[in-house]
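The lines below spell out each chain.
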Amino acid sequence: MRFTDFLTDLLDFGERDKDGNIVVKSGLTGSATSRLNIEEIALFSVIDLVASTAAMCEWRTYQAGVYTQAEDWYRWNVEPNQNENAFHFRRLLFARLLRFNEALVIQRADGSVYLADSFGRDVYAFRPNRYTGITCNGLTLHGDRQEEEVFYFRLANQDAAGLLHRINGLYADAMAEALDKYKHSGGRSGVLKISGNATKNKNYEDDVAKIMQTRFKAFFENKNAVIPLFDGYEYVPHDGPASQKINGEVGDMESLMRQAQDRACNVFHCPPCLLRGDVTNQDEAVQNLLTFGVKHVVLTVETEVNRKQYGRHILEGWRTRIDMTHIRVVDIFDVAVKLDKLIQDAMVNTNEGRGLVGLDPILAEWANTYHRTKNMEAVNAPLKGGENT
């Protein structure tokens, strides 16, 4: 399966109909099917939120300790290969890593990188692992790849999405029951009165079958309809609380959906309020998402890239750092005072400060110079200025 189609094929939970929806037996007829995508929606929403957030990070590359925008930077931030842009590639990478707990990236001789759709992995104890049957965009690559020839990312020893599926399986019957109850509560019902004379008609059985199977079926399936009846037949609609779609049935389904969302958020360390769009304590929720939901995924990818791409040269300052500071939208007026303090204390220079708020750098040497106020001088620094100068 091509992971580039994950918007429609991201999840695979049980038997599906021709439209790709999960098949659940309907309690109304016993043979009809209803659509139950509750766990799909919850799981996809969380994965997409975390993956999209992680994909917004800048991949900063360093050569001998100096930040440099060279070939490595271009590969991870602009064009990983001829068919994808960097954001799309990173989003798919993080989404696959979260969904399947592992992901594989291969690098060709020209430096371009591709995300594998599927692969096999032979694990060894004291020699390099081997990767077999690698497919990219529907093409199966010839030959196997050794561990040092690929980027292999793995989050944990357990498939979180698989575990979540088994938990959400408990909600399937409950949701089908709530949907069944909702349909019953909103249906129309009534009593068909048949006189004694009508039962004596020689075509009585045929008349009843025609009315029940044809006329009443069309009558109930249409919003505005009139039903013709034979002499001796009277239909009396049954109106009452049971025929109304009350809030209780809708509330049952909403409650099950919220529970499925909460379980998905718990598995991927995402605050549920972000998934539902709640604005209360949003700053704290975003911080929790970045700290517990995104950072460990980013570090997993960053460590593997550095290990395979630079090896021991990382000790000499050659490395890639996935920068998460640009994820949040920053209002320059809200951070003006704090940014000024960072520049005064030589934490950042002017151009670095402009980068933090999304502004273009100044093409002047002074903008790359670090400044420090007098009150940040060392206690044993020689005095300058004043009466003793």
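Here the structure is a predicted model, which is why all the values come from computation and not from measurement.

Within the protein one finds 12 helices and 14 strands. Looking at the protein residue by residue over its 389 residues, the buried ones come to 34%. Of all intrachain contacts in the protein linking residues separated by at least 6 positions in sequence, the fraction that spans at least 24 positions is 60%.

For the rest of this paragraph, the subject is the sheet that holds strand β6 (residues 113-115). Spatially, β6-β5-β11 is the arrangement adopted by the three strands of the open sheet, whose pairing is antiparallel. Pairing within the sheet leaves two strands with one partner each, and these edge strands are β6 and β11 (150-154). Ignoring strand direction, the axes of neighbouring strands in this sheet form an average angle of 20°. In this structure, strand β5 (residues 102-107) lies alongside β6, joined through three bridges in antiparallel fashion. Paired with Gln107 across the bridge in β6 is Val113. Where helix α4 (residues 86-100) meets the sheet, it contacts β5, β6 and β11, and its direction lies at approximately 145° from that of β5.

This part takes up the side chain of Thr61. Mapping Thr61 onto the fold places it in strand β3 (residues 58-63). Its relative accessible area of 3% is what places Thr61 among the buried residues.

This next bit is on a nonpolar patch on the surface. On the surface, Ile332, Phe333 and Leu359 cluster together into a nonpolar patch covering about 320 Å² of accessible area. You can see Leu359 is positioned in the segment after α12 (350-356).

The next thing to look at is the packing of aromatic side chains. Aromatic ring pairs: the centre-centre distance and the angle between the two ring planes describe each pair. Summed over the entire model, instances satisfying the criterion amount to seven aromatic pairs. Pairing Phe119 with Tyr131 gives two aromatic rings, centres 6.2 Å apart and planes at 55°, and the pair type is tilted. Of this pair, Phe119 sits in strand β7 (residues 118-122) while Tyr131 sits in strand β8 (residues 130-136), and the two are 12 residues apart along the sequence. A residue is classified by how much of its surface remains accessible, and Tyr131, at 0% relative accessible area, is buried. Where Tyr131 meets Tyr152, the ring centres are 5.5 Å apart and the plane angle is 45°; that geometry is what we call tilted. Of this pair, Tyr131 sits in strand β8 while Tyr152 sits in strand β11, and the two are 21 residues apart along the sequence.

Moving on: the pattern of salt bridges. Here the structure, examined in full by the defined rule, presents 14 salt bridges. Across the pair Arg91 and Asp48 runs a salt bridge whose closest N-O atoms are separated by 2.3 Å. Of this pair, Arg91 sits in helix α4 while Asp48 sits in helix α2 (residues 38-55), placing them 43 residues apart in sequence. Assessed through its relative accessible area of 21%, Asp48 is described here as partly exposed. For the salt bridge of Arg307 with Glu147, the shortest nitrogen-to-oxygen distance reads 3.7 Å. With Arg307 in helix α10 (residues 282-309) and Glu147 in the loop between β10 (145-146) and β11, this residue pair connects regions lying 160 residues apart in the sequence.

Right, let's talk about the confidence of the model for the protein for a bit. When pLDDT is averaged along the protein, the result is 78, and 73% of the positions lie at 70 or above. The low-confidence segment residues 1-16, where pLDDT is below 50, has 44 contacts with residues more than four positions distant or belonging to other chains. Here residues 19-36 scores under 50 on pLDDT; set against residues more than four positions off or in separate chains, the count is 37 contacts.

Attention now goes to the nonpolar core. Ranked by internal contacts, the top residues of the largest apolar core, which has 41 residues, are Leu93, Phe94, Val105, Phe153, Val294, Val298 and Val301. Breaking this core down by element, the ones donating at least two residues are α2, α4, β5, β6, β11, α8 (247-267), α9 (272-276) and α10. If you tally residues by element for this core, the top one is α10, at eight residues. Those residues in contact with Val301, other than ones at most four positions away along the chain, are Trp59, Leu93, Phe94, Leu97, Phe153 and Ile322.

Quick look at unusual backbone geometry now. The backbone of Asn137 sits at a positive phi, close to 55°, despite the residue not being glycine. Relative to the elements of secondary structure, Asn137 occurs in the loop between β8 and β9 (139-140). Backbone geometry places Ala346, a non-glycine residue, at a positive phi of 65°. For Ala346, the location among the structural elements is in the loop between α11 (336-344) and α12.

As a further point, take the layout of surface pockets. If a probe the size of a water molecule is rolled over the atoms, the empty space left behind becomes visible. There is about 400 Å³ of room inside the largest pocket. Elements with a minimum of two residues in the lining of the largest pocket: β3, β14 (319-323) and α12. Sort the elements by how many residues they give to the lining of the largest pocket and α12 lands first, with four residues.

What follows deals with the packing of α4 against α10. For the pair α4 and α10, the least separation of the axes is 11 Å and the interaxial angle reads 110°. Between α4 and α10, the crossing angle belongs to the class labelled roughly perpendicular. Packed against α4, whose contacting residues are Leu93, Phe94, Leu97 and Leu98, the element α10 presents Val297, Val298 and Val301 at the interface.

Rules behind the numbers
- Residues numbered from 1 in each chain as written.
- Predicted model: local features only at pLDDT ≥ 70, side-chain atom pairs only at ≥ 80, totals over all residues.
- Heavy atoms only, no water.
- Helix = DSSP H or I, 4+ residues; strand = E, 2+ residues; numbered from the N terminus.
- Buried < 20%, exposed > 50% of the residue type's maximum accessible area, 1.4 Å probe, protein only.
- Contact = heavy atoms within 4.5 Å.
- Pairing = 2+ DSSP bridges.
- Axes fitted to C-alpha atoms, helices over the stretch in contact; angles between N-to-C directions.
- Patch = residues over 30% accessible without salt bridge, like charges linked within 9 Å, V, L, I, M, F, W, Y side chains within 5 Å.
- Areas by Shrake-Rupley, 256 points an atom, 1.4 Å probe, with all protein chains shown as cover.
- Salt bridge = Lys/Arg side-chain N within 4 Å of Asp/Glu carboxyl O.
- Phe/Tyr/Trp six-rings, centres within 6.5 Å; stacked < 30°, edge-to-face > 60°.
- pLDDT = per-residue confidence, 0-100.
- Core = buried A, V, L, I, M, F, W, Y, C linked by side-chain atoms within 4.5 Å.
- 1 Å grid on protein atoms, 1.4 Å probe; cavity = no way out; pocket = protein on both sides within 12 Å on 5 of 7 lines; lining within 4 Å.
- Points joined across faces, edges and corners; volume = space filled by probe spheres on them.
- Parallel < 35°, antiparallel > 145°, perpendicular 65-115°, else oblique.

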